[in-house]
Amino acid sequence: QVQLVESGGGLVQPGGSLSLSCAASGFTFSAYAMNWYRQAPGKEREFVARISSGGGSTSYADSVKGRFTISRDNAKNTVYLQMNSLKPEDTAVYYCKAENVFRVAWGQGTQVTVSS
């Protein structure tokens with residue numbers, strides 16, 4: 001059973017930091033590229049960051065480039081998103097997504113709220 005469980009969300013002040021985690025189980029984690037997406041109220045889900053299966057390649061949305069860092073630990077079946085210099089517009093539910101040519105799977109999401 002494929003399972004992705006996000007954690008680490010919460011309330012943070014503008015300029016602060018949060019670190020999200022996504023723990024994977026039920027599939028060969030190291031064979032999947034991993035992504036973070038987010039969805040703000042009233043908006044469509046949008047791409048945030050991606051990391052290749054081996055971790056050697058990353059890409060970011062322009063809105064988070066230089067502030068967010070995606071990483072993974074294939075030994076722990078976990079992908080991370082370090083978020084620094086957070087802004088109110090980063091407020092959203094953050095989802096992790098596993099994908100390869102055979103399958104796509106989503107987590108249930110974790111809420112991130114940036115507010116003073």
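Structure first, text after, so check above.
Each value, and the rule that gives it
- Residues numbered from 1 in each chain as written.
- Predicted model: local features only at pLDDT ≥ 70, side-chain atom pairs only at ≥ 80, totals over all residues.
- Heavy atoms only, no water.
- Pairing = 2+ DSSP bridges.
- Helix = DSSP H or I, 4+ residues; strand = E, 2+ residues; numbered from the N terminus.
- Axes fitted to C-alpha atoms, helices over the stretch in contact; angles between N-to-C directions.
- Buried < 20%, exposed > 50% of the residue type's maximum accessible area, 1.4 Å probe, protein only.
- Salt bridge = Lys/Arg side-chain N within 4 Å of Asp/Glu carboxyl O.
- Phe/Tyr/Trp six-rings, centres within 6.5 Å; stacked < 30°, edge-to-face > 60°.
- Lys NZ or Arg CZ within 6 Å of the ring centre and 35° of its normal.
- Disulfide = S-S within 2.5 Å.

**Q** Help me out: how do you make sense of the sheet that holds strand E8 (residues 78-83) in this one?
**A** The strand order across the open sheet formed by four strands is E1-E3-E8-E7, and the pairing between neighbours is antiparallel. Two strands in the sheet have a free side with no partner beyond their single neighbour: strand E1 (3-7) and strand E7 (68-73). Taken pair by pair, the neighbouring strands of this sheet meet at an average axis angle of 15°, ignoring direction.

**Q** Where do I start with the pairing of E1 in this structure?
**A** Every other side chain in a regular strand lies on the same face of the sheet, so the side chains alternate between the two faces. Burial of the side chains of E1 is restricted to one face: Leu4 and Glu6 are buried, whereas none of Gln3, Val5 and Ser7 on the reverse face is. Both E1 and strand E3 (residues 18-25) contribute to a ladder of five bridges, which runs antiparallel. By the bridge assignment for E3, Val5 is matched with Ala23.

**Q** Help me understand the pattern of salt bridges, please; the structure alone is not making it clear to me.
**A** Pairing between side chains becomes possible if they bear opposite charge and their charged atoms approach one another. Tallied over the entire structure, the rule returns six salt bridges. One salt bridge in this structure joins Lys65 and Asp62, with 3.1 Å as the shortest N-O distance. Take Lys65: its relative accessible area is 49%, and that puts it in the partly exposed class. Here the salt bridges share partners, and the residues they tie into one network are Arg38, Glu46, Arg67 and Asp90.

**Q** Please explain the packing of aromatic side chains as it appears in this structure.
**A** The geometry of an aromatic ring pair is captured by two quantities: the separation of the ring centres and the angle between the planes. Within this structure, the stated rule accounts for five aromatic pairs. Each ring, one from Phe27 and one from Tyr32, has its centre 4.7 Å from the other, and the planes form 70°; the classification is edge-to-face. Just as Phe27 is buried, Tyr32 falls in that class too. For the pair Tyr37 and Trp106, a centre-to-centre distance of 5.0 Å together with 70° between the ring planes defines the contact as edge-to-face. With a gap of 69 residues between them, Tyr37 in strand E4 (residues 33-39) and Trp106 in strand E10 (residues 104-106) connect regions that are remote in the sequence. The partly exposed category is assigned to Trp106, whose relative accessible area is 36%. Across from the ring centre of Tyr95, 3.7 Å away, lies the NZ or CZ of Arg45, which sits over that ring.

**Q** So what exactly am I meant to see when it comes to the state of the cysteines here?
**A** In protein structure, a disulfide is the covalent linkage between the sulfur atoms of two cysteines. Applying the stated rule across the entire model yields one disulfide. One disulfide in the model links Cys22 with Cys96; its S-S distance is 1.9 Å. Its S-S torsion of approximately 45° makes the covalent link between Cys22 and Cys96 right-handed. Here Cys22, found in strand E3, pairs with Cys96, found in strand E9 (residues 92-99); they are 74 residues apart in sequence, far enough to count as distant.

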